[in-house]
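Architecture and fold: a report
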Amino acid sequence: MQPTTKDFPENARRALGDVPLQAALGNIARGWQEKRTQAVAALPEFEALRTAAAAIKDHTIAHLDEYLERFESRVTEQGGTVHWCRSAEEARHTILAICHRLNARTVTKGKSMVAEEIGLNDFLGGHGIAPVETDLGEHIIQLRKEAPSHIIAPAVHLTQAQVAETFRAGHHGLPTNRRLDDARVLVDEARNVLRPRYFAAEVGITGANFLVAETGSAVIVTNEGNADLTQLLPKAHIVLAGIEKLVPTLEDAATILRVLARSATGQEMAAYTTFATGPRRARDVDGPEEFHVVLLDNGRSALLGTEFQDILRCIRCGACLNHCPVYTGIGGHAYGWVYTGPMGAVLTPALLGVAEAGHLPNASTFCGRCESVCPMRIPLPKMMRHWREREFAAHLAPHAIRRGLSWWAFFARRPALYRAAAGALARWLALMGGRLGYVRTLPLAGGWTAVRDMPAPSGRTFQQLWAMRAQPAAKKGSRP
Amino acid sequence: MTTPARPRVGLLVTCLVDLFRPEVGFASVKLIEDAGCIVEVPRDQTCCGQPAYNSGDKATAQELARNLIALFEGYDYVAAPSGSCAGMLKVHFPALLADDPLWENRARRLAARSFELVSFLHDVLRVTKVAAAHAGTVTYHDGCSGLRELGIKGQPRALLGAVEGLALKELSAAESCCGFGGLFCVKYPEISNRMVGDKVAAVIDTGAATLLAGDMGCLLNIAGKLSRLGAAVHCRHVAEVLAGMANGPAIGQSAPAAKAPRPARPGS
Amino acid sequence: MTGGREQMLDSIRRGLGRGPLGEAGKAAIAARLDDHRAGIIPARTRRDPAGLIELFIELAVGAAATVERLDGPRRIPIAVADYLAAHDLPRDLVMAPDPWLDRLLWAERPKLKLRPGRALATDATGIARAFAGVAETGTLAMVSSETSPSTISFVPDTHIVVLGASRIVVSCEEVFARLRREAGAAFMPRSLHLITGPSRTGDIEQRIVLGAHGPRRLHILLVDGTEA
């Protein structure tokens, strides 16, 4: 997917004026925020679980090489294969080679953000293999040729009416008189279209929520059951996952599972949590004959030892998106690439470079709500600030901002000059405000006054007035 | 640390109070003095450095942090009528200066004694009563830094509860950011506008005559938006009400009588 | 394409600022992997066995499953027939090729047509036995094997699960412990499915609709008086 992260301000402007999008985004606050709050309130151990979950990931990441090797041994022992891929390109070619060997014409796919990250669908399509997205949201956006706008709910940016239009246009053979004015009907329509595809596919590709080093298992969490049909019915199951998905043991996975669904959708458990371990066993009557795990680095190992290492704890629950006032205002597409919201603002510059994605970590008020809900206690605002530091150090920050800052800094470093300048500014703003008490337009502050007034001060700074009050007692206000 | 009988408190005025709302500075002084402290205002303070810190200009932020530490470390306490500036001292200075153990240590010592004004009154000085009255309904906006970095939520409500005649009506989506975010509001004005638009809609929904908050950044943003919409809600810093100094014009209101305000002497 | 293996491991070690783990480091990881103590188990599960069964039922029903309690395995065929009739469902079932299920008195309900095997696209209803039930979340643990095909849990519209009341455990951790105890060294099946209610989606305006791809209905026959 071609990034448009550089166009973030324009993307955001468009999103704010997009009426159906705004209607769809309204569901997020009413839905997920409240559901998460309720789920957390119902589990007194939630905060302790967050701490435990973060500690598990920190430990795993600190010994990632060892755990990856252990994981590989277990997968191999059970007859599966691990593929180590440094880049998106290596991962694409690895998957293509498996598909070619099996003469695959269609592959079914469970929702996978890593597949989006490596641009897998376009690549397979370009090589004559039809990727079939099976998650309902992914199916909808595949028909619309769009990217997912949310890491767990790819079509959250669409209204029901838009989904109906999409099916009318994309589901060939759909009777024109069929009513599509109900979510139930739309779900059944998608179910009927996708059912035969599961049985026809030669290869099924899923992501993974966890890879368990102890057993060589790939854990996949869904509500629809699509990832299960995707991995059980075809000849081969390919798991595509970033190297940071490792956890040591089944018990560790269980601990993190307790915070995952609650943070994501406010459920205590998602409907399906599946531990897939190797290919089908000798006497099994179903299940895939081949089991492949494609381990993707693609810039992740380069985050180790940096101020961005903590983002590798991310379990892609989407809580930071759901609680972000920027994300819920503009939706995911405005971010211009695969990962959106606060976690995307940290991860995207790491994967695409800060020159490409610099807007993302800047487009935050540092309100801190993302960090406060993150089940893995990832300090997202802190890392966004680190990206701003990198951007500033590389002279990539916008010129006007840099110039403004350097003027401000000039005064802020010189107290006497600062006091004089503040006094002059207070007088000037008071004059501008006049009898109104506020200013309608202000030079150099168009971003402020375009949408709101600037309350005018009364004309003197506190320091000036304090000096007047403190006059008789010269000692006051001096240095301690 | 033993607390002396009359602690000396350094007031970090904050640059926005200094420039836009001196009344808040005087209200802060009164509240802290009424609680039995000596208040001093270091003359050479400028800014805590947030604009630089949040823009990635670490060197400038560090320099300003060191200046402020040197200026304030002699006091028993530092108080600031702002969650975000207090958060800067309390949470961010030690992190900002972490590459220099000496300064990090000084930053930590200062952080331990630095407080946002209302939490300082409530948690440290154990103030439970205020000599103030305010007729009418108010609503309260929790600034994000105060709320999430410093855990300030109950303190302003407890003290407002002690104001005679005051009724508090809570905002819906109370924990949502108002969209100020320092330079954010001018770098991404449309997104900021959406956020402040949602916030003022919630404010207007409460039917309260007055909006209170503990941060001038939020207040200028919300007051500016209410003013642009022509909404008749007054905005004030919570300290003005707690100090009984909410009689003058509200933020962004015409102030003919306030051209050269003569602040009442605290305690008079 | 596995030439990248060493380079990936090197890159990780470079980032971590160390070389490969030494003997002591590897031993510590081995010990960590053998440590199967449970983490934080929610206090809500501190109940006696009867209380755990109640909790399981409450949460399974909360997740939109239905639960019918039977006083013995003998009643299973009757319960299945009644359930299908009550929901106006066909009487054909795909049944896990499980000798325990096979031994039930299906002859008492001759109109039920049972086909043992994995589930096919044409199967409307499937029946299988659960390995365990998790009280903490009302979750079923389905373990794939020659007597328990995974497809039965996902392909048919209606999924009927037989769960022995004695197989209700506190947590997922107890399911893992039980697997280790009962299945030996290579204890993990090809698929362990933890199932909490029927299939669902919220992908259209966050409205929850059951039966997205997997079963629309999950019916649990909770059976007392058996080790099933």
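On a predicted model such as this, the values are computed, not experimentally measured, just so you know. (Residues numbered from 1 in each chain as written. Chains lettered and ligands numbered in written order. Predicted model: local features only at pLDDT ≥ 70, side-chain atom pairs only at ≥ 80, totals over all residues. Heavy atoms only, no water.)

Attention now goes to the overall build of chain B. Within chain B, the regular secondary structure consists of 13 helices and 8 strands. A compact globule built from 268 residues should have a C-alpha radius of gyration of about 18 Å, and chain B, at 18 Å, falls within 12% of that. Counting only C-alpha atoms and orienting by the principal axes, one finds that chain B spans roughly 50 × 45 × 35 Å. Sequence separation of at least 24 residues holds for 76% of the intrachain contacts in chain B that already meet a minimum separation of 6. Carbon together with sulfur atoms contributes 52% to the accessible area of chain B, which is approximately 9500 Å² in total. Treating the 27 positive side-chain charges of chain B as one cloud and the 25 negative ones as another, the clouds have centres 3 Å apart. (Helix = DSSP H or I, 4+ residues; strand = E, 2+ residues; numbered from the N terminus. Rg over C-alpha atoms; globule rule 2.2 N^0.38 Å. Contact = heavy atoms within 4.5 Å. Areas by Shrake-Rupley, 256 points an atom, 1.4 Å probe, with all protein chains shown as cover. Lys, Arg positive; Asp, Glu negative; His and termini not counted. Charge placed at Lys NZ, Arg CZ, Asp CG, Glu CD.)

Looking now at the interface of chain A and chain C. Contacts between the two partners involve 106 residues from chain A, matched on the other side by 81 residues from chain C. Contact between chain A and chain C buries roughly 7700 Å² in total, counting both sides, with carbon and sulfur atoms accounting for 56%. Summed over the shared surface of chain A and chain C, the result is 15 salt bridges. Between Arg 18 of chain C and Asp 65 of chain A there is a salt bridge, with its nearest N and O atoms 2.8 Å apart. For the pair chain A and chain C, the interface holds 53 residue pairs in polar contact (both at pLDDT 80 or more). In terms of residues, the side of chain A that touches chain C owes the most to one element, helix 10 (residues 183–200) of chain A, which gives 10 residues. Per-class residue counts for the side of chain A that touches chain C are 51 nonpolar, 27 polar and 28 charged. The pairing of strand 9 (residues 272–276) of chain A with strand 9 (residues 191–195) of chain C spans 5 bridges and is antiparallel. (Buried area = accessible area lost by both parts, 1.4 Å probe. Salt bridge = Lys/Arg side-chain N within 4 Å of Asp/Glu carboxyl O. Polar contact = N/O pair within 3.5 Å; in protein donor to acceptor, adjacent residues only side chain to side chain. Nonpolar A, V, L, I, M, F, W, Y, C, P; charged D, E, K, R; others polar. Pairing = 2+ DSSP bridges.)

The next point concerns a nonpolar patch on the surface. On the surface, Leu 425, Trp 428 and Met 432 of chain A cluster together to form a nonpolar patch covering roughly 250 Å² of accessible area. Turning to its location among the elements, Met 432 of chain A is positioned in helix 21 (residues 415–433). (Patch = residues over 30% accessible without salt bridge, like charges linked within 9 Å, V, L, I, M, F, W, Y side chains within 5 Å.)

Mean pLDDT over chain B stands at 93; residues scoring 70 or higher make up 93%. Scored below 50 in pLDDT, residues 257–268 of chain B shows 13 contacts in the model against residues more than four places distant or in partner chains. (pLDDT = per-residue confidence, 0-100.)

This next bit is on the interface of chain B and chain A. At the interface, 75 residues of chain B touch 67 residues of chain A. Taken together, both faces of the contact between chain B and chain A bury some 6400 Å²; the carbon and sulfur share is 60%. The interface formed by chain B and chain A holds 5 salt bridges in total. Here Arg 413 of chain A ties to Glu 63 of chain B by a salt bridge, and the two come within 2.7 Å at their closest N and O atoms. With 8 residues, the top contributor of residues to the side of chain B that touches chain A is helix 11 (residues 189–206) of chain B. For the side of chain B that touches chain A, the per-class residue count stands at 37 nonpolar, 20 polar and 18 charged.

Despite not being glycine, Phe 366 of chain A has its phi angle at roughly 60 degrees, a positive value. Structurally, the position occupied by Phe 366 of chain A is in the loop between helix 17 (359–362) and helix 18 (369–373). Phi at Ala 173 of chain B takes a positive value of approximately 50 degrees, unusual for a residue other than glycine. Classification of Ala 173 of chain B by relative accessible area gives exposed; the value is 52%. (Buried < 20%, exposed > 50% of the residue type's maximum accessible area, 1.4 Å probe, protein only.)

Our next topic: the packing of aromatic side chains. On inspection of all chains with the given rule, the structure shows 18 aromatic pairs over all chains. Ring centres 5.9 Å apart and planes at 70 degrees place the aromatic pair Trp 337 of chain A and Tyr 339 of chain A in the edge-to-face group. Note on Trp 448 of chain A and Phe 180 of chain B: the rings are 6.2 Å apart at their centroids and 75 degrees apart in plane angle, and the pair reads as edge-to-face. One end of the pair, Trp 448 of chain A, is in helix 22 (residues 446–449); the other, Phe 180 of chain B, is in the loop between strand 6 (164–168) and helix 10 (184–187), on a second chain. One aromatic cluster is present, formed by Phe 8, Tyr 327 and Tyr 335 of chain A together with Phe 184 and Tyr 188 of chain B through successive ring pairs. We note Arg 452 of chain A situated over the ring of Trp 448 of chain A; from NZ or CZ to the ring centre the distance is 4.6 Å. Sitting over the ring of Trp 103 of chain B, Arg 106 of chain B keeps its end group 4.0 Å from the ring centre. (Phe/Tyr/Trp six-rings, centres within 6.5 Å; stacked < 30°, edge-to-face > 60°. Lys NZ or Arg CZ within 6 Å of the ring centre and 35° of its normal.)

For the rest of this paragraph, the subject is the domain arrangement of chain B. Size of an interface, as often reported, equals the accessible area lost when the parts are brought together. Residues and elements named next belong to chain B. Entries for chain B in the domain assignment read domain 1 (8–123) and domain 2 (130–253). Relative to domain 2, the C-alpha centre of domain 1 lies at a distance of 22 Å. Across the boundary between the two partners, domain 1 contributes 29 residues, which contact 28 residues of domain 2. Between domain 1 and domain 2, a total of about 2100 Å² is buried, with carbon and sulfur atoms accounting for 71% of that surface. Here Glu 240 makes a salt bridge to Arg 21, at a shortest N to O gap of 2.7 Å. The interface formed by domain 1 and domain 2 holds 8 residue pairs in polar contact (both at pLDDT 80 or more) in total. Counting only elements with at least two residues in the side of domain 1 that touches domain 2, the list comes to helix 1 (15–20), helix 2 (22–34), helix 5 (83–96) and helix 7 (117–124). The residue makeup of the side of domain 1 that touches domain 2, split by class, is 14 nonpolar, 9 polar and 6 charged. (Domains from an automatic or database assignment.)

Note on placement: Gln 45 of chain B falls in the loop between strand 2 (38–40) and helix 3 (50–53). At a separation of 2.8 Å, a polar atom in the side chain of Gln 45 of chain B contacts the main-chain amide nitrogen of Val 13 of chain B. If sequence neighbours within four positions are ignored, Gln 45 of chain B has contacts with Gln 463 of chain A together with Leu 11, Leu 12, Val 13, Thr 14, Leu 68, Leu 71 and Phe 72 of chain B.

Time to look at the domain arrangement of chain C. On domain assignment, one finds that chain C holds domain 1 (1–33) and domain 2 (45–223). Centre-to-centre separation of domain 1 of chain C and domain 2 of chain C, based on C-alpha positions: 41 Å.

So, on to empty space enclosed by the protein. Residues and elements named next belong to chain A. For the structure shown, the criterion picks out 7 cavities of 30 Å³ or more. Of all the elements in the fold, those that place two or more residues in the lining of the largest cavity are helix 15 (341–352) and helix 19 (380–393). Taken as a whole, the second largest cavity holds about 100 Å³ of empty space. Looking at side-chain class alone, the lining of the second largest cavity contains 12 nonpolar, 1 polar and 1 charged residues. (1 Å grid on protein atoms, 1.4 Å probe; cavity = no way out; pocket = protein on both sides within 12 Å on 5 of 7 lines; lining within 4 Å. Points joined across faces, edges and corners; volume = space filled by probe spheres on them.)

It is worth spelling out the sheet that holds strand 5 (residues 132–134) of chain C at this point. Strand order in the open sheet formed by 8 strands is 8(A)-5(A)-6(A)-9(A)-9(C)-6(C)-5(C)-8(C), with mixed pairing between adjacent strands. In this open sheet, the two edge strands, each paired with only one partner strand, are strand 8 (246–247) of chain A together with strand 8 (168–169) of chain C. Contacts from helix 12 (residues 250–264) of chain A reach strand 5 (210–212), strand 6 (217–222), strand 8 and strand 9 of chain A, with the element oriented near 165 degrees to strand 5 of chain A. (Axes fitted to C-alpha atoms, helices over the stretch in contact; angles between N-to-C directions.)

This paragraph deals with the arrangement of the chains. Looking at the 2 pairs of chains with contacts, the pair that accumulates the most is chains A and C. The closest approach of any C-alpha atom in chain B to one in chain C is 19 Å; the two make no contact.

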